[in-house]
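Listed below are the residues making up each chain.
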Amino acid sequence: PVHRRADRDAADPRCGPDTGDRDMTDSAYSIAFPYAFAADGLTAQVDRAALVTDLLEQLLFTRQGERLVRPTLGCGLPDLLFGPSSPETAEAARMPIQVAVQEFLSREIELTALDVRAVEAALIIDIAYMIRSTGEDGTASFRAETGGGP
């Protein structure tokens, strides 16, 4: 018979959620981004709201294919930033951002509002969300410089 680890672990009372099978967004994984050391020399950690902002930043500014283990992570925003800053570019960025947030962060947050607008030579991205684990509302704003003005 074929023994799979999941089957074996499910039958073993010593295995389970309390023994290491944690969600990557668990508080134990609230590592600061970018990686840093705390004053005590240990890995710096952040609260849930800062973690969500860090996750959104990583999602927005990661090119698809850039991460070897998760090649679909990202929203294509970096590819739009070589063009001019215009209402059309802002609208073209809106849907991929919304889809990426729902695909990759839906376990962590519920997207409540998304606004992408062109301002001078940049896209301004305002995101409002609700943290699922706490029900707490939050916002994050990002500025993405483009290749030029309108």
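Coordinates for the structure precede this section.
Cut-offs applied
Residues numbered from 1 in each chain as written. Predicted model: local features only at pLDDT ≥ 70, side-chain atom pairs only at ≥ 80, totals over all residues. Heavy atoms only, no water. Helix = DSSP H or I, 4+ residues; strand = E, 2+ residues; numbered from the N terminus. Buried < 20%, exposed > 50% of the residue type's maximum accessible area, 1.4 Å probe, protein only. Pairing = 2+ DSSP bridges. Axes fitted to C-alpha atoms, helices over the stretch in contact; angles between N-to-C directions. Contact = heavy atoms within 4.5 Å. Core = buried A, V, L, I, M, F, W, Y, C linked by side-chain atoms within 4.5 Å. Parallel < 35°, antiparallel > 145°, perpendicular 65-115°, else oblique. Left-handed = near helix turned anticlockwise from the far one by under 90°. Nonpolar A, V, L, I, M, F, W, Y, C, P; charged D, E, K, R; others polar.

## A few points about unusual backbone geometry
- The linkage connecting phenylalanine 33 with the following residue, proline 34, adopts the cis geometry, with an omega of -5°.
- As for its placement among the helices and strands, proline 34 is situated in the loop between helix H1 (5-11) and helix H2 (48-60).
- The phi angle at glutamate 120 is positive, at roughly 50°, despite the residue not being glycine.
- Structurally, the position occupied by glutamate 120 is in the loop between strand E1 (109-119) and strand E2 (122-131).

## Thoughts on the pairing of strand E3 (residues 137-145)
- The two faces of E3 differ: Gly138, Ala140, Phe142 and Ala144 on one face are buried, but Asp137, Thr139, Ser141, Arg143 and Glu145 on the other face are not.
- Pairing analysis gives nine bridges linking E2 to E3, with the strands arranged antiparallel. Note that in E3 the partner of alanine 122 across the bridge is glutamate 145.
- Between the antiparallel neighbours E2 and E3 lie five residues, among them glycine 135 with a positive phi of about 80°.

## Structural notes on the sheet that holds E2
- Taken together, three strands build an open sheet; the order of strands is E1-E2-E3 and the sheet is antiparallel. Taken across any chain shown, the strands that pair with only one partner, and hence form the sheet edges, are E1 and E3. Each adjacent strand pair in this sheet contributes to an overall mean axis angle of 15°, direction not counted.
- This element, H2, spans E1, E2 and E3 of the sheet and lies at about 140° to E2.

## Re the nonpolar core
- Judged by nonpolar contacts, the single largest core of 26 residues is most densely connected at Leu56, Leu60, Leu77, Ile97, Ile125, Ile127 and Tyr129.
- Residue assignment for this core shows that the elements contributing at least two residues are H2, helix H4 (87-105), E1, E2 and E3.
- At seven residues, H4 tops the list of elements feeding residues into this core.

## Some thoughts on the packing of H2 against H4
- At a minimum axis distance of 11 Å, the contact between H2 and H4 shows a crossing angle of 125°. As summarised for this structure, H2 and H4 are arranged oblique, according to the angle between their axes. Here H2 and H4 pass one another in a crossing that is right-handed. Side by side, H2 and H4 meet where Leu55, Leu56, Leu59 and Leu60 of the first sit next to Ile97, Ala100, Val101, Phe104 and Leu105 of the second.
- A class-by-class count of the residues in the contact of H2 with H4 yields nine nonpolar, no polar and no charged.

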